[in-house]
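Results of the structural survey
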Amino acid sequence: MNTKDVFGMKIIDKNAKEVAKIAEFEFNVKTYKVNKIYGSFGNPINKKYYEIDPNTIISIGDYLLIDTTVEKLSENTLDKIPKAEQNDLKVNEAMGKTVLDAEGNTAGKVSNIDIDFDNFEITNITISKQTSSFGKKDVNVIHKDEIKGMGDYVIVNKVFKGESKDSAEKEDKKEDESNEKVKVNINID
């Protein structure tokens with residue numbers, strides 16, 4: 001499931017009470033397992049958070065249903081989302097990270113992360129790279145097995161063939177040659 005579609009989704013407890021809205025996911029960069037979900041509640045000036053264990057999730061659809069109560073979650077209310085531990089990364093921190101391919105070239109930036117909620121793990125990342133000044137984007141989906149590491153950058157074990165300056169010039173030359181005019185004289189007697 002696309003994380004962009006999930007952020008802001010309402011969280012409902014086992015007593016059918018609205019608890020919070022999904023604000024963040026935290027995952028391990030070695031196993032890609034989601035180990036924490038954070039729900040936010042309150043007004044924008046005085047926002048608070050709940051840490052939700054993925055094991056308490058009953059299902060996810062239009063809402064996230066959890067097998068706990070708001071009273072139980074209220075016992076550990078957080079003023080802010082804590083900093084991720086050493087091998088963990090928050091989804092919002094991963095968004096926008098520069099992705100490097102196997103040859104050390106920039107492949108683009110992380111524009112989305114897909115999560116399999118049956119297994120609570122990251123399955124794919126989407127990489128976007130702007131290819132022209134007109135807003136055209138090159139989009140690639142990378143499976144978690146193609147990721148070598150995630151830190152300040154994301155390194156993938158794949159090479160992305162971008163259009164080099166030389167190949168662009170060759171293409172322009174071919175186009176010019178095909179557009180040349182040919183004069184043909186046809187004499188009909």
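Treat the numbers as computed from the prediction; the structure is a model and nothing was measured. (Residues numbered from 1 in each chain as written. Predicted model: local features only at pLDDT ≥ 70, side-chain atom pairs only at ≥ 80, totals over all residues. Heavy atoms only, no water.)

Focus: the side chain of aspartate 101
Its place among the elements puts aspartate 101 in the loop between strand E8 (98-100) and strand E9 (106-116). Buried within the structure, aspartate 101 lacks any salt-bridge partner; its nearest side chain of opposite charge belongs to lysine 129, at an N-O separation of 7.8 Å. Reaching out from aspartate 101, the side chain makes a polar contact with the backbone nitrogen of phenylalanine 160 at a distance of 3.3 Å. If sequence neighbours within four positions are ignored, aspartate 101 has contacts with Ala107, Val156, Lys158, Val159 and Phe160. (Helix = DSSP H or I, 4+ residues; strand = E, 2+ residues; numbered from the N terminus. Buried < 20%, exposed > 50% of the residue type's maximum accessible area, 1.4 Å probe, protein only. Lys, Arg positive; Asp, Glu negative; His and termini not counted. Salt bridge = Lys/Arg side-chain N within 4 Å of Asp/Glu carboxyl O. Polar contact = N/O pair within 3.5 Å; in protein donor to acceptor, adjacent residues only side chain to side chain. Contact = heavy atoms within 4.5 Å.)

A closer look at the nonpolar core
Formed by 38 residues in total, the largest nonpolar core has its most connected members in Phe25, Phe27, Ile125 and Met150. In terms of residues, this core owes the most to one element, strand E2 (residues 18-28), which gives five residues. When sequence neighbours within four positions are dropped, the list of residues in contact with phenylalanine 25 reads Val6, Phe7, Val34, Lys36, Ile37, Leu89, Lys90, Val91, Ile115 and Phe117. (Core = buried A, V, L, I, M, F, W, Y, C linked by side-chain atoms within 4.5 Å.)

Concerning the side chain of threonine 3
Secondary-structure assignment places threonine 3 in helix H1 (residues 3-6). Classification of threonine 3 by relative accessible area gives buried; the value is 1%. Polar side-chain contacts of threonine 3 include one of 3.1 Å to the side chain of asparagine 112.

Re the sheet that holds E8
Strand pairs in the sheet, formed through backbone hydrogen bonds, run parallel or antiparallel to each other. Pairing within the open sheet is mixed, and its six strands lie in the order E11-E10-E9-E8-E13-E12. Looking at which strands have only one partner, the edges of the open sheet turn out to be strand E11 (137-143) and strand E12 (147-150). Ignoring which end each strand starts from, the neighbouring axes of this sheet average 35 degrees apart. In the sheet, E12 pairs with strand E13 (residues 154-156) via three bridges, with the strands oriented antiparallel. From the neighbouring strand, isoleucine 147 faces E13, where its bridge partner is valine 156. (Pairing = 2+ DSSP bridges. Axes fitted to C-alpha atoms, helices over the stretch in contact; angles between N-to-C directions.)

As for the pattern of salt bridges
Tallied over the full model, the rule gives 10 salt bridges. In this structure, the salt-bridge partner of lysine 10 is glutamate 18, at a minimum N-O distance of 3.7 Å. Glutamate 71 is paired through a salt bridge with lysine 17; the nearest N and O atoms lie 3.5 Å apart. One end of the pair, glutamate 71, is in helix H2 (residues 70-74); the other, lysine 17, is in the loop between strand E1 (10-12) and E2, with 54 residues separating them in the sequence. When salt bridges that share partners are traced, they join Glu26, Lys36, Glu85 and Lys90 into one network.

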